[in-house]
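# Structural overview
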Amino acid sequence: MAGATGRKISAAAARAHTRKSKPSSFRLPSGIFQKLLLVSFIGILAWAYQAIQPPQPKVPGSPGGPPVTAPRIKLRDGRHLAYKEHGAPKDIAKFKIVYVHGFDSCRLDAVVASIFAQKIIDDLGVYVVSFDRPGYGQSDPDPKRTMKSIALDIEELADQLGLGSKFYVVGYSIGGQIVWGCIKYIPHRLAGAALLAPVINHWWPGFPANVSTEAYNQMLQRDQWALRVAHYTSWLTYWWNTQKLFPPSSVVIDSIDDVYSPSDKKIFAQYISETPAEVRQQEQFEVRQQGEFESLHRDLMIAFGSWEFTPMDLESPFRNNEGTIHVWQGDDDMLVPVTMQRFISQQLPWIQYHELPEYGHAFPYADGMSDIITKVLLLGETAE
(Lines give C-alpha, C1' and ligand atoms only; values in the text may rest on other atoms or scores of the structure.)
Protein backbone atom coordinates (compact mmCIF):
# COMPACT_ATOMS: atom_id res chain seq x y z
CA MET A 1 0.00 0.00 0.00
CA ALA A 2 2.37 2.53 -1.33
CA GLY A 3 -0.18 5.40 -1.16
CA ALA A 4 -0.59 4.99 2.57
CA THR A 5 3.11 5.00 3.28
CA GLY A 6 4.27 8.51 4.57
CA ARG A 7 7.64 9.87 3.63
CA LYS A 8 10.01 10.18 6.54
CA ILE A 9 11.61 13.59 7.08
CA SER A 10 14.89 13.86 8.85
CA ALA A 11 15.19 15.96 12.03
CA ALA A 12 17.73 18.29 10.41
CA ALA A 13 15.45 18.93 7.50
CA ALA A 14 12.58 19.68 9.86
CA ARG A 15 14.63 22.16 11.80
CA ALA A 16 15.71 23.86 8.62
CA HIS A 17 12.14 24.03 7.42
CA THR A 18 10.75 25.57 10.58
CA ARG A 19 13.61 28.00 11.25
CA LYS A 20 12.49 31.68 11.07
CA SER A 21 14.17 33.68 8.39
CA LYS A 22 16.04 36.80 9.53
CA PRO A 23 14.39 40.10 8.55
CA SER A 24 16.36 41.92 5.92
CA SER A 25 17.62 45.39 7.00
CA PHE A 26 16.75 48.25 4.64
CA ARG A 27 19.61 50.60 3.94
CA LEU A 28 19.54 53.84 1.99
CA PRO A 29 22.07 53.98 -0.73
CA SER A 30 25.26 55.68 0.34
CA GLY A 31 24.92 59.51 0.66
CA ILE A 32 21.10 59.65 0.43
CA PHE A 33 20.63 60.45 4.15
CA GLN A 34 23.05 63.36 3.95
CA LYS A 35 21.29 64.63 0.86
CA LEU A 36 17.90 64.49 2.61
CA LEU A 37 19.31 66.49 5.51
CA LEU A 38 20.74 69.05 3.12
CA VAL A 39 17.46 69.40 1.22
CA SER A 40 15.54 69.81 4.49
CA PHE A 41 18.00 72.42 5.71
CA ILE A 42 17.72 74.35 2.45
CA GLY A 43 13.93 74.18 2.69
CA ILE A 44 13.97 75.59 6.22
CA LEU A 45 16.31 78.37 5.14
CA ALA A 46 14.04 79.21 2.19
CA TRP A 47 11.01 79.35 4.48
CA ALA A 48 12.86 81.54 6.99
CA TYR A 49 14.06 83.86 4.21
CA GLN A 50 10.54 84.30 2.94
CA ALA A 51 9.25 84.93 6.48
CA ILE A 52 11.62 87.83 7.10
CA GLN A 53 11.09 89.50 3.72
CA PRO A 54 8.74 92.49 3.91
CA PRO A 55 6.14 92.90 1.17
CA GLN A 56 6.78 95.47 -1.50
CA PRO A 57 5.40 98.92 -0.59
CA LYS A 58 2.33 100.22 -2.39
CA VAL A 59 3.92 103.26 -4.01
CA PRO A 60 1.48 106.17 -4.50
CA GLY A 61 0.48 106.65 -8.11
CA SER A 62 1.77 103.22 -9.20
CA PRO A 63 -0.46 100.37 -10.44
CA GLY A 64 -2.23 99.01 -7.37
CA GLY A 65 -0.92 101.83 -5.21
CA PRO A 66 -2.92 104.59 -3.51
CA PRO A 67 -3.89 107.63 -5.58
CA VAL A 68 -1.94 110.88 -5.43
CA THR A 69 -4.13 113.75 -4.26
CA ALA A 70 -1.63 115.96 -2.42
CA PRO A 71 0.83 118.41 -3.99
CA ARG A 72 4.28 116.85 -4.36
CA ILE A 73 7.79 117.81 -5.37
CA LYS A 74 10.21 115.64 -7.29
CA LEU A 75 13.49 115.11 -5.45
CA ARG A 76 17.06 114.79 -6.73
CA ASP A 77 16.84 110.98 -6.98
CA GLY A 78 13.42 110.87 -8.67
CA ARG A 79 11.37 110.24 -5.53
CA HIS A 80 8.34 112.37 -4.72
CA LEU A 81 7.63 114.17 -1.46
CA ALA A 82 4.04 115.13 -0.58
CA TYR A 83 3.41 118.25 1.47
CA LYS A 84 0.71 120.49 2.93
CA GLU A 85 0.88 124.24 3.54
CA HIS A 86 -0.64 125.96 6.59
CA GLY A 87 -0.97 129.42 8.07
CA ALA A 88 -0.10 132.69 6.38
CA PRO A 89 0.49 132.83 2.61
CA LYS A 90 4.08 131.99 1.85
CA ASP A 91 4.86 135.16 -0.11
CA ILE A 92 3.89 137.47 2.78
CA ALA A 93 4.88 135.34 5.76
CA LYS A 94 7.51 136.72 8.15
CA PHE A 95 8.43 133.30 9.55
CA LYS A 96 8.63 130.04 7.62
CA ILE A 97 8.64 126.68 9.40
CA VAL A 98 9.19 123.15 8.12
CA TYR A 99 7.39 120.70 10.40
CA VAL A 100 8.65 117.10 10.70
CA HIS A 101 5.97 114.65 11.86
CA GLY A 102 6.51 111.83 14.31
CA PHE A 103 6.17 108.04 14.27
CA ASP A 104 3.01 106.60 12.70
CA SER A 105 1.86 110.00 11.45
CA CYS A 106 1.84 112.09 8.27
CA ARG A 107 1.68 115.63 6.85
CA LEU A 108 -1.97 115.96 7.92
CA ASP A 109 -0.99 115.87 11.60
CA ALA A 110 1.11 119.05 11.85
CA VAL A 111 0.45 119.77 15.49
CA VAL A 112 2.19 123.16 15.60
CA ALA A 113 0.06 124.33 12.69
CA SER A 114 -3.23 122.47 13.06
CA ILE A 115 -3.97 123.87 16.52
CA PHE A 116 -2.45 127.33 16.07
CA ALA A 117 -4.57 130.18 17.28
CA GLN A 118 -5.57 132.29 14.29
CA LYS A 119 -4.32 135.35 16.19
CA ILE A 120 -0.79 133.88 16.16
CA ILE A 121 -0.95 133.39 12.41
CA ASP A 122 -2.28 136.90 11.83
CA ASP A 123 -0.04 138.72 14.30
CA LEU A 124 3.22 136.94 13.52
CA GLY A 125 2.68 135.98 9.88
CA VAL A 126 3.63 132.32 10.33
CA TYR A 127 3.78 129.91 7.39
CA VAL A 128 4.18 126.18 8.05
CA VAL A 129 4.78 123.37 5.58
CA SER A 130 4.40 119.80 6.76
CA PHE A 131 5.39 116.83 4.59
CA ASP A 132 5.05 113.07 4.48
CA ARG A 133 8.36 111.51 5.37
CA PRO A 134 9.45 108.76 2.92
CA GLY A 135 7.14 105.75 3.02
CA TYR A 136 4.36 107.62 4.83
CA GLY A 137 1.19 109.07 3.32
CA GLN A 138 1.78 110.02 -0.31
CA SER A 139 5.59 110.33 -0.31
CA ASP A 140 7.56 107.64 -2.13
CA PRO A 141 9.48 105.18 0.05
CA ASP A 142 13.25 105.45 0.32
CA PRO A 143 14.94 102.09 1.01
CA LYS A 144 18.26 103.97 1.33
CA ARG A 145 16.90 106.41 3.90
CA THR A 146 19.39 107.75 6.45
CA MET A 147 19.53 110.68 8.84
CA LYS A 148 21.49 112.58 6.23
CA SER A 149 19.13 111.82 3.36
CA ILE A 150 16.05 113.06 5.23
CA ALA A 151 17.87 116.28 6.16
CA LEU A 152 18.68 116.80 2.49
CA ASP A 153 15.02 116.06 1.61
CA ILE A 154 14.00 118.88 3.96
CA GLU A 155 16.52 121.24 2.37
CA GLU A 156 15.30 120.40 -1.12
CA LEU A 157 11.66 120.83 -0.09
CA ALA A 158 12.47 124.31 1.22
CA ASP A 159 14.33 125.21 -1.96
CA GLN A 160 11.62 124.02 -4.33
CA LEU A 161 8.96 125.87 -2.34
CA GLY A 162 11.07 129.02 -2.24
CA LEU A 163 11.37 129.39 1.53
CA GLY A 164 14.57 131.41 1.28
CA SER A 165 18.13 130.85 2.43
CA LYS A 166 17.10 130.15 6.03
CA PHE A 167 14.02 128.61 7.63
CA TYR A 168 12.90 127.16 10.96
CA VAL A 169 12.53 123.44 11.64
CA VAL A 170 10.22 121.93 14.24
CA GLY A 171 10.07 118.17 14.82
CA TYR A 172 8.01 116.00 17.14
CA SER A 173 9.07 112.63 18.60
CA ILE A 174 11.03 110.81 15.88
CA GLY A 175 10.57 114.00 13.86
CA GLY A 176 12.38 115.78 16.69
CA GLN A 177 15.20 113.28 16.45
CA ILE A 178 15.46 114.10 12.74
CA VAL A 179 16.07 117.75 13.64
CA TRP A 180 19.42 116.64 15.13
CA GLY A 181 20.25 115.53 11.60
CA CYS A 182 19.34 118.97 10.27
CA ILE A 183 21.69 120.58 12.80
CA LYS A 184 24.41 118.17 11.66
CA TYR A 185 23.97 118.24 7.88
CA ILE A 186 22.28 121.54 6.97
CA PRO A 187 23.17 123.95 9.82
CA HIS A 188 23.72 126.80 7.35
CA ARG A 189 20.04 126.68 6.34
CA LEU A 190 18.56 126.97 9.83
CA ALA A 191 17.07 130.13 11.33
CA GLY A 192 16.19 128.19 14.49
CA ALA A 193 14.80 124.83 15.59
CA ALA A 194 12.56 123.21 18.18
CA LEU A 195 12.76 119.54 19.13
CA LEU A 196 9.58 118.36 20.84
CA ALA A 197 10.14 115.19 22.91
CA PRO A 198 12.84 114.01 20.48
CA VAL A 199 13.33 110.23 20.54
CA ILE A 200 16.59 109.05 22.10
CA ASN A 201 18.78 106.23 20.83
CA HIS A 202 19.93 104.24 23.86
CA TRP A 203 23.06 103.18 21.97
CA TRP A 204 24.42 106.66 21.38
CA PRO A 205 27.92 106.64 22.91
CA GLY A 206 28.59 109.14 25.65
CA PHE A 207 25.78 108.29 28.07
CA PRO A 208 26.87 107.23 31.56
CA ALA A 209 26.12 103.53 31.98
CA ASN A 210 23.81 104.08 34.94
CA VAL A 211 21.73 106.68 33.07
CA SER A 212 21.22 104.62 29.90
CA THR A 213 20.69 101.31 31.75
CA GLU A 214 18.15 102.76 34.16
CA ALA A 215 16.18 104.40 31.34
CA TYR A 216 16.28 101.26 29.21
CA ASN A 217 15.07 99.05 32.06
CA GLN A 218 12.09 101.33 32.66
CA MET A 219 10.66 100.43 29.26
CA LEU A 220 8.21 97.60 28.75
CA GLN A 221 9.94 94.26 28.18
CA ARG A 222 8.37 93.97 24.73
CA ASP A 223 9.79 97.36 23.73
CA GLN A 224 13.24 96.50 25.04
CA TRP A 225 13.28 93.47 22.75
CA ALA A 226 11.90 95.41 19.79
CA LEU A 227 14.66 98.00 20.11
CA ARG A 228 17.33 95.32 20.50
CA VAL A 229 16.16 93.75 17.26
CA ALA A 230 16.12 97.13 15.45
CA HIS A 231 19.64 97.91 16.67
CA TYR A 232 21.48 94.59 16.47
CA THR A 233 19.57 92.70 13.75
CA SER A 234 17.71 95.34 11.77
CA TRP A 235 17.04 92.83 8.97
CA LEU A 236 14.67 91.06 11.39
CA THR A 237 12.65 94.18 12.25
CA TYR A 238 9.78 93.36 9.89
CA TRP A 239 9.55 89.75 11.08
CA TRP A 240 9.73 90.67 14.76
CA ASN A 241 6.87 93.16 14.52
CA THR A 242 4.59 90.89 12.46
CA GLN A 243 5.22 87.42 13.97
CA LYS A 244 2.86 85.92 16.56
CA LEU A 245 5.34 84.11 18.81
CA PHE A 246 6.50 87.14 20.81
CA PRO A 247 4.86 90.50 21.56
CA PRO A 248 6.00 93.21 19.08
CA SER A 249 6.74 96.86 19.81
CA SER A 250 3.87 98.54 21.64
CA VAL A 251 4.15 101.65 19.47
CA VAL A 252 3.82 99.60 16.27
CA ILE A 253 0.55 98.08 17.45
CA ASP A 254 -0.50 101.45 18.94
CA SER A 255 -1.02 100.14 22.47
CA ILE A 256 -2.03 103.45 24.05
CA ASP A 257 -2.73 102.04 27.50
CA ASP A 258 0.84 100.74 27.75
CA VAL A 259 2.92 103.66 26.51
CA TYR A 260 1.05 106.87 27.34
CA SER A 261 0.83 108.61 30.69
CA PRO A 262 -2.48 109.69 32.29
CA SER A 263 -1.89 113.27 31.11
CA ASP A 264 -1.29 112.01 27.56
CA LYS A 265 -4.58 110.16 27.55
CA LYS A 266 -6.46 113.26 28.70
CA ILE A 267 -4.81 115.45 26.07
CA PHE A 268 -5.48 112.98 23.27
CA ALA A 269 -9.09 112.52 24.36
CA GLN A 270 -9.66 116.26 24.20
CA TYR A 271 -7.85 116.59 20.88
CA ILE A 272 -9.93 113.79 19.36
CA SER A 273 -13.17 115.30 20.62
CA GLU A 274 -12.30 118.66 19.06
CA THR A 275 -11.04 117.30 15.72
CA PRO A 276 -13.64 116.48 13.05
CA ALA A 277 -14.04 112.75 12.54
CA GLU A 278 -13.44 112.97 8.79
CA VAL A 279 -10.07 114.68 9.41
CA ARG A 280 -8.95 111.96 11.81
CA GLN A 281 -10.17 109.21 9.50
CA GLN A 282 -8.30 110.64 6.52
CA GLU A 283 -5.10 110.87 8.53
CA GLN A 284 -5.42 107.33 9.89
CA PHE A 285 -6.15 106.01 6.42
CA GLU A 286 -3.13 107.64 4.81
CA VAL A 287 -0.46 106.96 7.43
CA ARG A 288 0.06 103.24 6.72
CA GLN A 289 -1.46 102.98 3.27
CA GLN A 290 1.87 102.00 1.67
CA GLY A 291 2.50 99.27 4.24
CA GLU A 292 4.32 99.31 7.56
CA PHE A 293 7.86 98.37 6.59
CA GLU A 294 9.04 101.50 4.75
CA SER A 295 7.27 103.71 7.30
CA LEU A 296 7.10 102.35 10.85
CA HIS A 297 9.76 99.65 10.67
CA ARG A 298 12.22 101.81 8.73
CA ASP A 299 11.75 104.48 11.40
CA LEU A 300 12.78 102.02 14.13
CA MET A 301 15.77 100.78 12.15
CA ILE A 302 17.12 104.31 11.67
CA ALA A 303 16.17 105.81 15.03
CA PHE A 304 17.77 103.00 17.01
CA GLY A 305 20.44 101.85 14.58
CA SER A 306 24.10 102.82 14.47
CA TRP A 307 24.63 106.53 13.80
CA GLU A 308 27.64 108.29 12.36
CA PHE A 309 27.23 111.03 14.97
CA THR A 310 25.45 111.68 18.26
CA PRO A 311 23.79 114.89 19.46
CA MET A 312 26.57 115.24 22.03
CA ASP A 313 29.05 115.66 19.14
CA LEU A 314 27.25 118.66 17.66
CA GLU A 315 28.22 122.31 17.80
CA SER A 316 25.86 125.25 17.76
CA PRO A 317 24.91 126.33 14.24
CA PHE A 318 24.64 129.89 15.56
CA ARG A 319 28.10 131.11 16.45
CA ASN A 320 26.88 134.72 16.65
CA ASN A 321 23.65 133.94 18.51
CA GLU A 322 21.59 134.72 15.42
CA GLY A 323 19.25 131.84 16.19
CA THR A 324 18.26 129.43 18.95
CA ILE A 325 17.74 125.68 19.40
CA HIS A 326 15.11 124.50 21.87
CA VAL A 327 14.42 121.07 23.35
CA TRP A 328 11.02 120.52 24.99
CA GLN A 329 10.39 117.50 27.21
CA GLY A 330 7.63 116.33 29.55
CA ASP A 331 8.89 114.89 32.81
CA ASP A 332 6.18 112.17 32.76
CA ASP A 333 7.03 110.91 29.25
CA MET A 334 6.81 107.11 29.17
CA LEU A 335 8.28 106.87 25.66
CA VAL A 336 11.28 109.22 25.87
CA PRO A 337 13.24 109.07 29.14
CA VAL A 338 13.55 112.50 30.72
CA THR A 339 16.83 111.57 32.46
CA MET A 340 18.58 111.02 29.12
CA GLN A 341 17.08 114.20 27.66
CA ARG A 342 18.41 116.17 30.60
CA PHE A 343 21.86 114.68 30.16
CA ILE A 344 22.02 115.62 26.46
CA SER A 345 20.97 119.18 27.16
CA GLN A 346 23.52 119.47 29.97
CA GLN A 347 26.26 118.48 27.52
CA LEU A 348 25.16 121.13 25.01
CA PRO A 349 25.17 124.55 26.71
CA TRP A 350 23.82 126.20 23.56
CA ILE A 351 20.56 124.24 23.88
CA GLN A 352 17.64 125.96 25.59
CA TYR A 353 15.99 123.14 27.53
CA HIS A 354 12.35 123.35 28.63
CA GLU A 355 11.10 120.61 30.96
CA LEU A 356 7.36 120.49 31.50
CA PRO A 357 6.19 119.15 34.89
CA GLU A 358 3.39 116.55 34.83
CA TYR A 359 3.32 116.40 31.04
CA GLY A 360 3.97 113.28 29.00
CA HIS A 361 4.74 112.64 25.33
CA ALA A 362 1.58 114.34 24.04
CA PHE A 363 2.27 117.81 25.44
CA PRO A 364 2.37 119.56 22.00
CA TYR A 365 -1.36 118.77 21.66
CA ALA A 366 -2.28 120.49 24.94
CA ASP A 367 -4.32 123.69 24.73
CA GLY A 368 -2.14 126.70 23.96
CA MET A 369 1.13 124.72 23.97
CA SER A 370 1.82 125.18 20.24
CA ASP A 371 1.41 128.93 20.62
CA ILE A 372 3.90 129.00 23.49
CA ILE A 373 6.45 126.87 21.64
CA THR A 374 6.16 129.03 18.53
CA LYS A 375 6.50 132.35 20.37
CA VAL A 376 9.55 131.10 22.26
CA LEU A 377 11.19 129.93 19.03
CA LEU A 378 10.34 132.88 16.80
CA LEU A 379 10.27 135.80 19.24
CA GLY A 380 12.54 134.64 22.01
CA GLU A 381 9.79 134.91 24.61
CA THR A 382 10.26 133.14 27.92
CA ALA A 383 8.30 129.94 28.41
CA GLU A 384 5.88 130.21 31.33
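Structure: above.
Source: prediction; values computed, not measured.

## A closer look at the overall build of the protein chain
Helices and strands together make up the secondary structure of the protein chain, namely 15 helices and eight strands. For the protein chain, restricting intrachain contacts to residue pairs at least 6 apart in sequence, the fraction spanning at least 24 positions comes to 78%. Approximately 19900 Å² of the protein chain is accessible, and the part contributed by carbon and sulfur atoms is 56%.

## A closer look at the pairing of strand S3 (residues 95-100)
Of all six residues making up S3, six are buried, and the element is well covered by its neighbours. Of the two faces of S3, the one holding Phe 95, Ile 97 and Tyr 99 and the one holding Lys 96, Val 98 and Val 100 are both buried throughout. Sheet topology note: the S3/strand S4 (residues 126-131) ladder contains six bridges and is parallel. Directly across from Val 98, in S4, lies its bridge partner Val 129. Here four bridges tie S3 to strand S5 (residues 167-172), and the two strands are oriented parallel to one another.

## Some words on the nonpolar core
Core analysis: the biggest nonpolar cluster contains 102 residues, and Phe 131, Leu 157, Trp 180 and Leu 196 have the highest contact counts within it. Beyond its immediate stretch of four places on either side in the chain, Leu 196 contacts Val 112, Val 170, Gly 171, Tyr 172, Ser 173, Trp 328, Phe 363, Pro 364 and Ile 373. Judged by nonpolar contacts, the second largest core, of five residues, contains Ile 52, Ala 226, Val 229 and Trp 240.

## Details of the packing of helix H5 (residues 147-160) against helix H6 (residues 174-185)
In the contact formed by H5 and H6, the axes pass within 9 Å of each other and the chain directions differ by 80 degrees. Comparing the axis directions of H5 and H6 gives the class roughly perpendicular. The segment H5 lies against H6, with Met 147, Lys 148, Ile 150, Ala 151 and Ile 154 engaging Gln 177, Ile 178, Gly 181, Cys 182 and Tyr 185. Of the residues contributing to the contact of H5 with H6, the split by class is seven nonpolar, two polar and one charged.

## Overview of unusual backbone geometry
One can expect most non-glycine residues to show negative phi and most peptide bonds to be in trans. Non-glycine residue Asp 104 carries a positive phi angle of around 55 degrees. Note that Asp 104 resides in the loop between S3 and helix H3 (111-114). With phi around 65 degrees, Glu 358 is a residue other than glycine that occupies positive phi space.

## With respect to the pairing of strand S2 (residues 80-87)
For strand S1 (residues 72-74) and S2, the ladder comprises three bridges, and the chain directions are antiparallel. Residue pairing in the sheet places Ile 73 in a bridge with Leu 81 of S2. Bridge count for S2 against S4 is five bridges, and the pairing is antiparallel. Within S4, the position partnered with His 86 by the bridge is Val 128.

## Things to note about helix H4 (residues 118-125)
Of the residues making up H4, those classed as buried are Ile 120, Ile 121, Leu 124 and Gly 125. The buried residues of H4 occupy an angular sector of 100 degrees when the element is viewed end-on, so they sit on one face. Across from the buried face of H4, at angles greater than 90 degrees, the exposed residues are Lys 119 and Asp 122. Of the surrounding secondary structure, the elements contacted by the buried residues of H4 are S2, S3, S4 and helix H15 (369-379).

## Some points on the environment of Tyr 136
When you line up the elements, Tyr 136 lands in the loop between S4 and H5. We classify Tyr 136 as buried; its relative accessible area is 0%. Within the structure, Tyr 136 has its side chain in polar contact with the side chain of Asp 299 (distance 2.7 Å).

Reading the values: the criteria
- Residues numbered from 1 in each chain as written.
- Predicted model: local features only at pLDDT ≥ 70, side-chain atom pairs only at ≥ 80, totals over all residues.
- Heavy atoms only, no water.
- Helix = DSSP H or I, 4+ residues; strand = E, 2+ residues; numbered from the N terminus.
- Contact = heavy atoms within 4.5 Å.
- Areas by Shrake-Rupley, 256 points an atom, 1.4 Å probe, with all protein chains shown as cover.
- Buried < 20%, exposed > 50% of the residue type's maximum accessible area, 1.4 Å probe, protein only.
- Pairing = 2+ DSSP bridges.
- Core = buried A, V, L, I, M, F, W, Y, C linked by side-chain atoms within 4.5 Å.
- Axes fitted to C-alpha atoms, helices over the stretch in contact; angles between N-to-C directions.
- Parallel < 35°, antiparallel > 145°, perpendicular 65-115°, else oblique.
- Nonpolar A, V, L, I, M, F, W, Y, C, P; charged D, E, K, R; others polar.
- Arc of directions from axis to C-beta.
- Polar contact = N/O pair within 3.5 Å; in protein donor to acceptor, adjacent residues only side chain to side chain.

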